[in-house]
Amino acid sequence: MLWVSRKTIKMNYFPDEVLEHMFFFITSHKDRNSVSLVCKSWYKIERYSRQRVFIGNCYSISPERLIARFPGLKSLTLKGKPHFADFNLVPHEWGGFVYPWIEALAKSRIGLEELRLKRMVVSDESLEFLSKSFVNFKSLVLVSCEGFTTDGLAAIAANCRFLRELDLQENEVDDQRGHWLSCFPESCTSLVTLNFACLKGEINLGALERLVVRSPNLKSLRLNHAVPLDTLQKLLMQAPQLVDLGTGSYVDDPSSEAYSKLKSVFQRCKSIRSLSGFFEVAPHCMSAIYPICRNLTFLNLSYAPGLHGNELTKLIQHCRKLQRLWILDCIGDKGLGVVASTCKELQELRVFPSDLGPGNAAMTEEGLVLLSEGCPKLNSLLYFCQQMTNAALITVAKNCPNFIRFRLCILDPVKCDPVTNQPLDEGFGAIVHFCKGLKRLSLTGLLTDQVFNYIGMYAEQLEMLSIAFAGDSDEGMLYVLNGCKKLRKLEIMKSRFGNAALLEDMGKYEAMRSLWMSSCEVTLGGCKTLAEKMPRLSVEIINESEQMEFSHDDRQKVDKMYLYRTLVGHRKDSPAFVCIL
Amino acid sequence: MEGSVAYENDLHLKATELRLGLPGTDEREEHAVSNVRNNKRPLQEGGANGKSDSQNETAPPAKAQIVGWPPIRSYRKNNFQSKKNESEGPGIYVKVSMDGAPYLRKIDLKVYTGYRELLQALENMFKFTIGEYSEREGYKGSDYAPTYEDKDGDWMLVGDVPWEMFITSCKRLRIMKGSEARGLGCGV
């Protein structure tokens, strides 16, 4: 430890090795970025010692500049498409290709060990290229990506000799029915994480069993629906040390031998803290899981519509240590009451809709209020529901002031408070007022400019805001842009915000990662003005309509606009239907 | 706040009006939905949906078509849709006979969303008209009455029980004609 005495110590007396050693302990990206801004010498030392880099928008920087600045890079995280691409608002060919990154990294001397991608287009070619280019490659995490097939996975399996982590989360993968699992060589014994839950096709069960047998370090295993219960039982026999388990299809006759073996093997799995899967579920088989429940901290039942009513609540009643719960709305308000009285450690809850029709959602404000009364540690919420009231939101805000993420989705997006028939301005106002640490907010319901006034006034830590069908005028958007100093991502659909709001403080966008506006009131002329005045922004107009011709009428409203700051100018890989102004 | 923006006075051109449907959706639906946005006064009671009755029939289909709504990842949506189709399983095929017709037909009850659609389909299939349904008097105004055999083997008049109950208990359909039909419709 270094003494800091009352005398001023001149920082440049520290030898580089000492600084380097100090920086080793600084791991957060934000802190590292701050460190690099202190002075030239710190910038230099920091950049040589940086191993992990996070790039929130793959078009904000080029791979060449990344490689030039951080020659010691080992782990890269890249995000591609904007968030609303998740909801089909961005055409598949828009962009976000990982190939150029892999190509550039392969050419350099970078010893890449980890690649984490979100919303990017990943081809089989890029996976194969990746697998052959980096001897020490250890970890591949793909979230919401597309463009690859199981052939690409086969290349990763076959060529990455020290692979520790293959984690596929909610990707759209084409199943070629090749035996990718069999491509892991016998010598591969290093797996720690294997998650293929999102694959739709059949799995070579024998190959899977052999792989698990020779992976003594396996801690996380998430199976897809094609893995039946009796295979699950065999796998768990070989891997009782698992910490995170995703079952496959969880269906069997409770009187079967496989099921009784499963029951006893679950009792040996004392380390499981995280449980998911249950793509098909036989409610009568859930009692096998009870012994694990008491230690669970994460439970994901959001793909199990077959589990509801008593079986579901019985299961939850065993989970007293739960911190994160992902569930379908078939749990109902009453079910949330059970969660509230059982899961006192709960921090994160996600309630997904099980039926997409607007009149059919099962949750109301009652469930949320019950939850807030029982779980004061709640800090992250995603809640799809039928209706919400201001009174409920105010109660929730007061009961749970620790919210960091608050995402409410009323399936009928312009629904007012059904009790008072008022807009939900006051309710959301209370959320931003009481939850002083709020970083992410998504709003729905009938909302006027007033809610944005509240957000601008109170949401000082807000970094990401998602708006749909809200606001009356440009004032609304201006309240937010002027008030939320830490705003990084703003995404808006179908709201009455136009050029006046867009153009008032254009410099603000350089302090943000991106802005998305679709079906709003901004015109082509407004976007052109913005693009002209702000050369360090890339202003994209995405035009999906039948006529590929972009209208030259500046008064024409723009269907979709996506703008982001960039240090490398306009991207060269945009498709015909994207016009970069 | 309530009085500040009066949508009724805005000079919104139809073309630029924000709607919840895609271009080309039903004019009626468009009107109904824009009422929801424009009208800050109470939505009518009646069902958790809070929508007035005239909107009930048209609102759901157009809503389902709004691109980007509800905000659920396509991966999850696709997963859920395919599960829904799987869980619904094979169709519910029942025989349909019509008095006087030379041969029977078969229909899949799952294809229809309610009585109105079913009866319309039967009318088209056998080229006849069914009368107006009323609880008191059955089908008035024509010589025909749609009936079905339920799980207990009894012949029931189509339309008395909720649709969901009907499709699970219907074993076969028979369109009765003439005096027999009228007899069924009258009170006991």
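Computed from a prediction, not measured in an experiment: that's the story for all the values here. (Residues numbered from 1 in each chain as written. Chains lettered and ligands numbered in written order. Predicted model: local features only at pLDDT ≥ 70, side-chain atom pairs only at ≥ 80, totals over all residues. Heavy atoms only, no water.)

### Points about the UniProt feature "domain: F-box" (unreviewed entry) in chain A
Part 1 of the reasoning: Feature annotation in UniProt assigns "domain: F-box" (unreviewed entry) to the following positions: residues 14-55 of chain A.
Part 2 of the reasoning: Secondary structure content for residues 14-55 of chain A is 64% helix and 10% strand, and the end C-alpha separation is 31 Å. (UniProt positions renumbered as here; feature names shortened; annotations may be inferred. Helix = DSSP H or I, 4+ residues; strand = E, 2+ residues; numbered from the N terminus.)

### Points about the packing of aromatic side chains
Residues and elements named next belong to chain A.
Part 1 of the reasoning: Tallying each qualifying case throughout the model produces 28 aromatic pairs over all chains.
Part 2 of the reasoning: Aromatic pair Phe298 and Trp326: ring centres 5.5 Å apart, planes at 80°, arrangement edge-to-face. With a gap of 28 residues between them, Phe298 in strand S12 (residues 298-300) and Trp326 in strand S13 (residues 324-328) connect regions that are remote in the sequence.
Part 3 of the reasoning: For Trp326, a relative accessible area of 14% gives the class buried.
Part 4 of the reasoning: A network of ring pairs unites the aromatic residues Tyr59, Phe84, Phe87, Trp94, Trp516, Tyr562 and Tyr564 as a single cluster.
Part 5 of the reasoning: Here Arg324 stacks its cationic end above the ring of Phe298, 4.1 Å away from the centre of that ring. (Phe/Tyr/Trp six-rings, centres within 6.5 Å; stacked < 30°, edge-to-face > 60°. Buried < 20%, exposed > 50% of the residue type's maximum accessible area, 1.4 Å probe, protein only. Lys NZ or Arg CZ within 6 Å of the ring centre and 35° of its normal.)

### Considering the packing of helix H5 (residues 99-107) of chain A against helix H6 (residues 124-133) of chain A
Residue and element names in this part refer to chain A.
Part 1 of the reasoning: Put simply, H5 and H6 touch, their axes get as near as 9 Å, and they point 20° apart. Classed by the angle they form, the pair H5 and H6 counts as roughly parallel. The handedness of the crossing between H5 and H6 is left-handed. Contact residues: H5 offers Tyr99, Ile102, Glu103 and Ala106, while H6 offers Glu125, Ser126, Phe129, Leu130 and Ser133.
Part 2 of the reasoning: The class makeup of the residues in the contact of H5 with H6 is 5 nonpolar, 2 polar and 2 charged. (Axes fitted to C-alpha atoms, helices over the stretch in contact; angles between N-to-C directions. Parallel < 35°, antiparallel > 145°, perpendicular 65-115°, else oblique. Left-handed = near helix turned anticlockwise from the far one by under 90°. Contact = heavy atoms within 4.5 Å. Nonpolar A, V, L, I, M, F, W, Y, C, P; charged D, E, K, R; others polar.)

### Focus: the sheet that holds strand S2 (residues 105-108) of chain B
All names here are of chain B.
Part 1 of the reasoning: Read across the sheet, 5 strands follow the order S2-S1-S7-S5-S6 without closing on themselves; strand pairing throughout is mixed. Each edge of the open sheet is held by one strand with a lone partner, namely S2 and strand S6 (155-157). The average angle at which neighbouring strand axes cross in this sheet is 35°, direction not considered.
Part 2 of the reasoning: Pairing of strand S5 (residues 144-149) with S6 involves 3 bridges; the strand directions are antiparallel. Across the sheet, the residue bridging to Glu149 is Trp155, located in S6.
Part 3 of the reasoning: Against the sheet, helix H5 (residues 115-126) contacts strand S1 (93-98), S2, S5 and strand S7 (172-177), and its axis sits at roughly 155° relative to S2. (Pairing = 2+ DSSP bridges.)

### Some words on the domain arrangement of chain A
Residue and element names in this part refer to chain A.
Part 1 of the reasoning: Here chain A is described as being made up of domain 1 (13-50) and domain 2 (56-218).
Part 2 of the reasoning: For domain 1 versus domain 2, the separation of C-alpha centres amounts to 30 Å.
Part 3 of the reasoning: Each partner contributes to the interface: domain 1 provides 6 residues, whereas domain 2 provides 6 residues.
Part 4 of the reasoning: Carbon and sulfur atoms supply 47% of the area that domain 1 and domain 2 bury against each other, a total of about 520 Å² over both sides.
Part 5 of the reasoning: Seen at the junction of domain 1 and domain 2, the total is 1 salt bridge.
Part 6 of the reasoning: The residue Arg69 makes a salt bridge to Glu46 at a minimum N-O spacing of 4.0 Å.
Part 7 of the reasoning: Top element by residues in the side of domain 1 that touches domain 2 is helix H3 (residues 40-49). It accounts for 4 residues.
Part 8 of the reasoning: Residues belonging to the side of domain 1 that touches domain 2 are distributed by class as follows: 2 nonpolar, 1 polar and 3 charged. (Domains from an automatic or database assignment. Buried area = accessible area lost by both parts, 1.4 Å probe. Salt bridge = Lys/Arg side-chain N within 4 Å of Asp/Glu carboxyl O.)

### Some words on the UniProt feature "domain: PB1" (unreviewed entry) in chain B
Part 1 of the reasoning: On the UniProt side, "domain: PB1" (unreviewed entry) is annotated at positions that read residues 91-178 of chain B here.
Part 2 of the reasoning: In residues 91-178 of chain B, helix accounts for 23% and strand for 35%; the two terminal C-alpha atoms are 31 Å from one another.

### Concerning H6(A)
Residues and elements named next belong to chain A.
Part 1 of the reasoning: Asp124, Ser126, Leu127, Leu130 and Ser131 are the residues of H6 that are buried. Buried residues along H6 cover an arc of 160° about the axis, so they all sit on one side. Along H6, exposed side chains directed more than 90 degrees from the buried face belong to Glu125 and Lys132.
Part 2 of the reasoning: Of the surrounding elements, those touching the buried residues of H6 are H5, strand S3 (114-118), strand S4 (139-143), strand S5 (146-149) and helix H7 (150-159). (Arc of directions from axis to C-beta.)

### Concerning the packing of helix H14 (residues 365-374) of chain A against helix H15 (residues 390-399) of chain A
All names here are of chain A.
Part 1 of the reasoning: With their axes 9 Å apart at the nearest point, H14 and H15 run at an angle of 15° to one another. Taken together, the axis directions place H14 and H15 in an arrangement best described as roughly parallel. Between H14 and H15 lies a crossing whose hand is left-handed. Contacts between H14 and H15 involve Glu365, Leu368, Val369, Ser372 and Glu373 on the former and, on the latter, Ala392, Thr395, Val396 and Asn399.
Part 2 of the reasoning: When its residues are assigned to classes, the contact of H14 with H15 shows 4 nonpolar, 3 polar and 2 charged.

### Things to note about the side chain of A:Asp124
All names here are of chain A.
Part 1 of the reasoning: By secondary structure assignment, the location of Asp124 is in helix H6.
Part 2 of the reasoning: Lys132 provides the closest opposite charge to the buried, salt-bridge-free Asp124, at an N-O distance of 12 Å.
Part 3 of the reasoning: Sequence-distant contacts of Asp124, that is, excluding residues within four places in its chain, are made with Gly147, Phe148, Thr149, Asp151 and Gly152. (Lys, Arg positive; Asp, Glu negative; His and termini not counted.)

### Quick word on the pattern of salt bridges
Part 1 of the reasoning: Applying the stated criterion across every chain, the model contains 28 salt bridges over all chains.
Part 2 of the reasoning: Here B:Arg76 and A:Glu170 are joined by a salt bridge, their closest N and O atoms 3.9 Å apart. Here B:Arg76 is found in helix H4 (residues 74-88), whereas its partner A:Glu170 is found in the loop between strand S6 (165-169) and strand S7 (172-174) on a different chain. Across the pair, exposure class does not vary: B:Arg76 and A:Glu170 are buried alike.

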